[in-house]
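Below, each chain spelled out in residue letters.
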Amino acid sequence: MRHIVYPGSFDPITNGHVDVIKRLRNNFDQVTVLVANTPQKKSLFTIDERKRMIEDVFDYDDGITVESWDGLLVDFLEKKKCYLVGKGLRSVRDFEYEMDMAYTNQSLNKNIDTFFVLTQSNLGFISSTLVKEVGSFGGDISKFVPDAVVRAVQKKFNK
Ligand code: PNS
């Protein structure tokens, strides 16, 4: 079975992430979306809230599962005996950041490879950070995130 782990902070999941997950799923039997705890980043949603939103979006597909993790990605991969990391690229800016992470993971465990997919071009500008900024001022984020996430962001900001 071909299995890949797609890690991220997903605070919250955007339509860009959804596109990447679907593209990974087109290439793999099993995609584990891993919501990683990133204490150095202040998050809007709890890890459980982030996980639940992703589960809601993909509840129709048994080939996509969502887990959370507080620790090194390489340790999660070892636990799963899955050494392939999926990542989405929106631009060369992402590539520089992602390449550093891919090399770091490979240095920590030489068996790990990173599989990159390009995000659909019209979704390339979307980021969780911009979603939160627009949402915090009550702006329309319905083109950027799944419906359930629109409501969750509005609720967080009491909009
Ligand atoms: O969505 P993001 O914030 O770009 O995702 C970054 C993430 C969560 C993939 C990265 O920070 C990560 O893997 N965190 C887990 C801890 C870890 O292993 N850090 C070193 C990886 S380079």
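Scroll up to find the structure.
Residues numbered from 1 in each chain as written. Predicted model: local features only at pLDDT ≥ 70, side-chain atom pairs only at ≥ 80, totals over all residues. Heavy atoms only, no water.

Draft legend 1. Focus on the overall build of the chain. Helix and strand content of the chain: 6 helices and 5 strands. Order of helices (α) and strands (β) in the chain, N terminus to C terminus: β-α-β-α-β-α-β-α-β-α-α. What you see for the chain is a C-alpha radius of gyration of 15 Å, in line with the 15 Å of a compact globule of 159 residues. Expressed along its principal axes, the backbone C-alpha trace of the chain runs to roughly 45 × 35 × 30 Å. With 159 residues in all, the chain has 45% of them scored as buried. Summed over its atoms, the accessible surface of the chain is roughly 9,000 Å², and 50% of this surface lies on carbon and sulfur atoms. Across the chain, 22 positive and 22 negative side-chain charges occur, with their mean positions spaced 3 Å apart. (Helix = DSSP H or I, 4+ residues; strand = E, 2+ residues; numbered from the N terminus. Rg over C-alpha atoms; globule rule 2.2 N^0.38 Å. Buried < 20%, exposed > 50% of the residue type's maximum accessible area, 1.4 Å probe, protein only. Areas by Shrake-Rupley, 256 points an atom, 1.4 Å probe, with all protein chains shown as cover. Lys, Arg positive; Asp, Glu negative; His and termini not counted. Charge placed at Lys NZ, Arg CZ, Asp CG, Glu CD.)

Draft legend 2. Local environment of the site of the ligand. In the vicinity of the ligand lie 14 residues, with S9, K41, L72, L73 and Y97 positioned nearest. One nitrogen or oxygen atom from the side chain of Y97 is found 3.2 Å from an oxygen atom belonging to the ligand. In isolation the ligand offers 540 Å² of accessible surface; the protein chains occlude 80% of this area. In this structure the site holding the ligand corresponds to the largest pocket. Elements with a minimum of two residues in the shell around the ligand: β1 (3-8) and α4 (92-108). Top contributing element to the shell around the ligand by residue count: α4, with 4 residues. Looking at the shell around the ligand, its residues break down into 6 nonpolar, 6 polar and 2 charged. (Near = heavy atom within 4 Å. Polar contact = N/O pair within 3.5 Å; in protein donor to acceptor, adjacent residues only side chain to side chain. 1 Å grid on protein atoms, 1.4 Å probe; cavity = no way out; pocket = protein on both sides within 12 Å on 5 of 7 lines; lining within 4 Å. Sits in = over half its atoms within 2 Å of the grid points. Nonpolar A, V, L, I, M, F, W, Y, C, P; charged D, E, K, R; others polar.)

Draft legend 3. Quick peek at the nonpolar core. Membership of the largest hydrophobic core comes to 30 residues, with the highest contact counts inside it found for Y6, V31, V33, I54 and F58. Among the elements of the structure, β1, α1 (15-27), β2 (30-36), α2 (47-57), β3 (64-69) and α6 (147-156) are those that each provide at least two residues to this core. If we skip the residues at most four places from it in the chain, I54 touches F10, I13, V33, V35 and V66. Core analysis: the next-biggest nonpolar cluster, separate from the first, contains 10 residues, V5, L34, V74 and I112 among them. (Core = buried A, V, L, I, M, F, W, Y, C linked by side-chain atoms within 4.5 Å. Contact = heavy atoms within 4.5 Å.)

Draft legend 4. Just the pattern of salt bridges, in detail. Evaluated as defined, the whole model comprises 10 salt bridges. For K51, the salt bridge goes to E55, with nearest N and O atoms at 3.1 Å. With K51 and E55 both in helix α2 and 4 residues apart, this pair spans about one turn of that helix. When salt bridges that share partners are traced, they join D11, R50 and K132 into one network. (Salt bridge = Lys/Arg side-chain N within 4 Å of Asp/Glu carboxyl O.)

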